[in-house]
Amino acid sequence: MTRAPAPAVLFIEDDAALREAMVQSLALENVKVDAHARAAPALESLSPDFPGVVVTDIRLPGMDGLELFAAIRDLDPDLPVILTTGHGDIAMAVAAMKQGAADFLTKPYSSAALVDAIRRAADRRALVIENRKLHARLRDREAPGLIGSSDRIRRLEGLVGEVARTGLDIVLTGPAGVGKTFLANRIHQLSPRHGRPLVAIDAGIWTHPDVELIVFGRAPSDRASRSGLIERAQGGTLVLDNIESVPEPLRGRLGSLLETRTFRALGADRPRTADIRVIAATSGETDVATSGLLRHLGGISIALPSLDERREDIPEIFRHFVAELEAELEIPARPMGAQDLSRLLASDWPGNLRQLRDFARHYVHGLTDYTDGPAARTGDDSLTAVVAAFERSILLDALTRYEGRVSRIERALKVKRKTLYDKLARHGLTPGDFRGPAPSR
């Protein structure tokens, strides 16, 4: 049985002859080597998901091997580092082993000894990486996704999954009630910072008379010291909700935080570093000052659609809200009929998800009266448009309920299979998109 090739190795050695010899020896063992003479450039090439092993000499010009090891520990404490030492550095190497170094080799060392050390460390690294992937898959299953089956929501869900893992700052835009707070929470749960704090600064805090104290805190040297929300978010995610509501006196300090990632508590002598990811949420109706704050932030902008822009999702979202409220209130709601679905689609929802959930609460309590329900929408109210939207919602609801099983949908809707496929094609719906994963055997 052929042994699996060793993973990538980042090799730092300032002795050119030794560096070249080891690179050639490792290449013969089918090991991919990225070699450097100095630590700083090597460190810049690393990331927390680096799948291999770092091998570094202790004695290096500029940043030495122990300083590099400390920086790697901050980047990823599970990334294995093998130290190479002269006889006079053994005590330092032993101390580094106690702090988590994977191994150390005393010069002169053989290429065989180096390969063995790399393989042992690489096996441990592979387990760490696989464990992280498993936990990421579990988080993906546990974190509630965006509700809806429209193409727009599916594309948005894919974008959120990709962006969440990058660690980049994000600006969420969209009218009130579209779910910006929910999406900020989901991004945090899917991000590498998911085990760290999620702290939100909302509109109520922006208008508080002590907002500066609440946000930035007061220095520990002060008797009335107090940690601010920025400090509480250290290592995690800071959500700036309704960023257009930031008061004028605070905009300069907040802009400095966004640009430099440092902040100064009230009464502090020097600034502190803020290790945070920032998610800003705005309605999109920004003035010049708010636009300036967002420019300081940079990041990726994600626009959330209103309900009117994804009307085909309304029945599915409403059914989800009803099911949640039935469980929360322990009240069974009456079954939804054609009139309910028709009214949902024919109504305007200026409050978006928030208004729809409120309406679902009234529905579960049996208080819905369609004579004074949500206002009729002002878009295309032609008979053709309303009938088409209603038909699509019925098909979406059936596809979701029966997980794309055509035979069950055919029986439930009492239509012939060819007719059903024709209607699905007309509305751009594919049964396979609604089927769950195949059961494990």
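Residues numbered from 1 in each chain as written. Predicted model: local features only at pLDDT ≥ 70, side-chain atom pairs only at ≥ 80, totals over all residues. Heavy atoms only, no water.

Asker: Mind showing me how you'd approach the overall build of the protein chain here?
Answerer: A tally of helices and strands in the protein chain yields 18 helices and 12 strands. Looking at the protein chain as a whole, 41% of its 441 residues qualify as buried. The long-range share in the protein chain, meaning contacts at least 24 apart out of those at least 6 apart in sequence, stands at 71%. Accessible area of the protein chain: about 23200 Å², with a carbon and sulfur share of 53%. (Helix = DSSP H or I, 4+ residues; strand = E, 2+ residues; numbered from the N terminus. Buried < 20%, exposed > 50% of the residue type's maximum accessible area, 1.4 Å probe, protein only. Contact = heavy atoms within 4.5 Å. Areas by Shrake-Rupley, 256 points an atom, 1.4 Å probe, with all protein chains shown as cover.)

Asker: Explain the layout of surface pockets to me, please; I cannot follow it from the model alone.
Answerer: Any space left empty among the atoms is revealed by the rolling of a water-sized probe across them. The space that makes up the second largest pocket amounts to roughly 650 Å³. V178, G179, K180, F182 and L353 are the residues nearest the centre of the second largest pocket, which is lined by 33 residues in total. Here the element with the most residues in the lining of the second largest pocket is helix α13 (residues 314-329); it accounts for 5 residues. (1 Å grid on protein atoms, 1.4 Å probe; cavity = no way out; pocket = protein on both sides within 12 Å on 5 of 7 lines; lining within 4 Å. Points joined across faces, edges and corners; volume = space filled by probe spheres on them.)

Asker: Sorry, what's going on with the pattern of salt bridges here?
Answerer: Oppositely charged side chains may form a pair once their charged atoms are brought near each other. All told, the structure shown has 20 salt bridges when counted by the stated rule. Between E212 and R253 there is a salt bridge whose closest N-O contact spans 2.5 Å. You can see E212 sitting in helix α9 (residues 211-216) and its partner R253 sitting in helix α11 (residues 248-260), a full 41 residues away along the chain. Given a relative accessible area of 32%, E212 falls into the partly exposed group. A salt bridge links R417 to E410; the nearest nitrogen and oxygen atoms lie 3.1 Å apart. In this structure R417 comes out as partly exposed when scored by relative accessible area, which is 37%. Residue classification places E410 among the partly exposed residues on the basis of a relative accessible area of 22%. (Salt bridge = Lys/Arg side-chain N within 4 Å of Asp/Glu carboxyl O.)

Asker: Even after reading the chapter, I still don't get the packing of helix α17 (residues 406-413) against helix α18 (residues 417-426), so can you show me in this structure?
Answerer: Geometrically, a packed helix pair is captured by the angle between its two axes and the distance between the axes. At their nearest, the axes of α17 and α18 sit 10 Å apart, and the two run at 100° to each other. The orientation of α17 relative to α18 falls into the category roughly perpendicular. Where α17 approaches α18, its residues V406, S407, I409 and E410 are matched on the opposing element by R417, L420 and Y421. Counted by class, the contact of α17 with α18 contains 4 nonpolar, 1 polar and 2 charged residues. (Axes fitted to C-alpha atoms, helices over the stretch in contact; angles between N-to-C directions. Parallel < 35°, antiparallel > 145°, perpendicular 65-115°, else oblique. Nonpolar A, V, L, I, M, F, W, Y, C, P; charged D, E, K, R; others polar.)

Asker: Explain the packing of aromatic side chains to me, please; I cannot follow it from the model alone.
Answerer: One pair of aromatic rings is described through two measures. These are the centre distance and the angle between the planes. In this structure the tally under the stated criterion is 3 aromatic pairs. Where F318 meets F359, the ring centres are 6.1 Å apart and the plane angle is 40°; that geometry is what we call tilted. Linking F318 in helix α13 with F359 in helix α15 (residues 352-364), this pair joins segments that are 41 residues apart in sequence. We classify F318 as buried; its relative accessible area is 1%. We classify F359 as buried; its relative accessible area is 11%. Relative to Y363, the ring of F318 lies with its centre 5.4 Å away and its plane at 75°, an arrangement referred to as edge-to-face. You can see F318 sitting in helix α13 and its partner Y363 sitting in helix α15, a full 45 residues away along the chain. A network of ring pairs unites the aromatic residues F318, W349, F359 and Y363 as a single cluster. Positioned above the aromatic ring of F216, the side-chain terminus of R253 is 4.0 Å from the ring centre. (Phe/Tyr/Trp six-rings, centres within 6.5 Å; stacked < 30°, edge-to-face > 60°. Lys NZ or Arg CZ within 6 Å of the ring centre and 35° of its normal.)

Asker: Honestly, the sheet that holds strand β1 (residues 9-12) in this entry has me stumped. Any pointers?
Answerer: With parallel pairing, 5 strands are arranged side by side in an open sheet as β2-β1-β3-β4-β5. Strands with a single pairing partner mark the edges of an open sheet, and in this sheet they are β2 (33-36) and β5 (103-106). Going from strand to strand, the sheet's axes swing by 15° on average, the running direction of each strand aside. Lying on the sheet, helix α4 (residues 90-98) is in contact with β4 (81-85) and β5; it crosses β5 at an angle near 165°. (Pairing = 2+ DSSP bridges.)

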